[in-house]
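In case you want the letters, here they are:
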Amino acid sequence: MTEWIVQIVQQFGYPGIFLMLVLARVLPPVPAETVIPLAGMGAATGEFNLLLVALAAGLGSAVGELVWYLPAHWMGRERFEAFLRCHGHWLTVKPEQVHRATEWFARCGGVAVLLCQPLPGLRTLISVPAGACGLPVAVFLVYATAGAALWSLVLATTGYLVRVGFPWIADWMVPGALALFILLLAAYVLRLVRHRRASRLAKDAALRGGE
């Protein structure tokens, strides 16, 4: 799977980076973010520019997070939590998780969106309370883009340094990306199984309590 991601970035350049980061935020198990260090390695040979790589990745990440932000923004906090009570198991997100994130977001504001960008899972989850609390779309995009671009610059610079000073590490980049994808997918499946099991046990306990 990593190979076709790399091919898209090589063929389309910065728009390819943008599209892959959108996909990575819409479908979290997709390891598209791993292309950023590879693009950083390309910057060492003049194929890419580190700042433009970070900007393309930051914009793609922010646009992808709109998939999670907009429903909460349109529905509001109460209606969205009600939706999660019925269908949240498919997203492995519980209403109480959204509630806690919303309370934290209310204290931290848009800065929370920026600070959460380096953290897989949390950067997606924080988009929900940002929308539910009514953070304007433009403000959300600014914070999300800034945080994701800064983090992407770190990743791209890492790839650049690997290519310049430690070329032997480059041989492990693609296998490492594939391993990361497998781990992310396994973590999602495990979390989904645990979430559904906990929900089933809670429902059984409620039924026994009502008898």
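How each quantity is defined
- Residues numbered from 1 in each chain as written.
- Predicted model: local features only at pLDDT ≥ 70, side-chain atom pairs only at ≥ 80, totals over all residues.
- Heavy atoms only, no water.
- Axes fitted to C-alpha atoms, helices over the stretch in contact; angles between N-to-C directions.
- Helix = DSSP H or I, 4+ residues; strand = E, 2+ residues; numbered from the N terminus.
- Parallel < 35°, antiparallel > 145°, perpendicular 65-115°, else oblique.
- Left-handed = near helix turned anticlockwise from the far one by under 90°.
- Contact = heavy atoms within 4.5 Å.
- Nonpolar A, V, L, I, M, F, W, Y, C, P; charged D, E, K, R; others polar.
- Buried < 20%, exposed > 50% of the residue type's maximum accessible area, 1.4 Å probe, protein only.

1. Quick notes on the packing of helix α3 (residues 35–44) against helix α9 (residues 137–165)
Thought 1: At a minimum axis separation of 6 Å, α3 and α9 run at an interaxial angle of 50 degrees. As summarised for this structure, α3 and α9 are arranged oblique, according to the angle between their axes. The two elements α3 and α9 cross, and the hand of that crossing is right-handed. Each of Ile-36, Pro-37, Gly-40, Met-41, Ala-43 and Ala-44 in α3 lies in contact with α9, whose residues at this interface are Ser-152, Leu-155, Ala-156, Gly-159, Tyr-160, Arg-163 and Val-164.
Thought 2: For the contact of α3 with α9, the residue count by class is 9 nonpolar, 3 polar and 1 charged.

2. Focus: the environment of Ala-44
Thought 1: Residue placement: Ala-44 occurs in helix α3.
Thought 2: Among the residues examined, Ala-44 registers a relative accessible area of 31% and is labelled partly exposed.

3. A few points about the side chain of Ser-61
Thought 1: Along the chain, the position of Ser-61 falls in helix α4 (residues 50–87).
Thought 2: Overall, the relative accessible area of 1% leaves Ser-61 in the buried class.
Thought 3: If we ignore the near neighbours within four places in the chain, the residues touching Ser-61 are Leu-21, Arg-25, Gln-117 and Ala-148.

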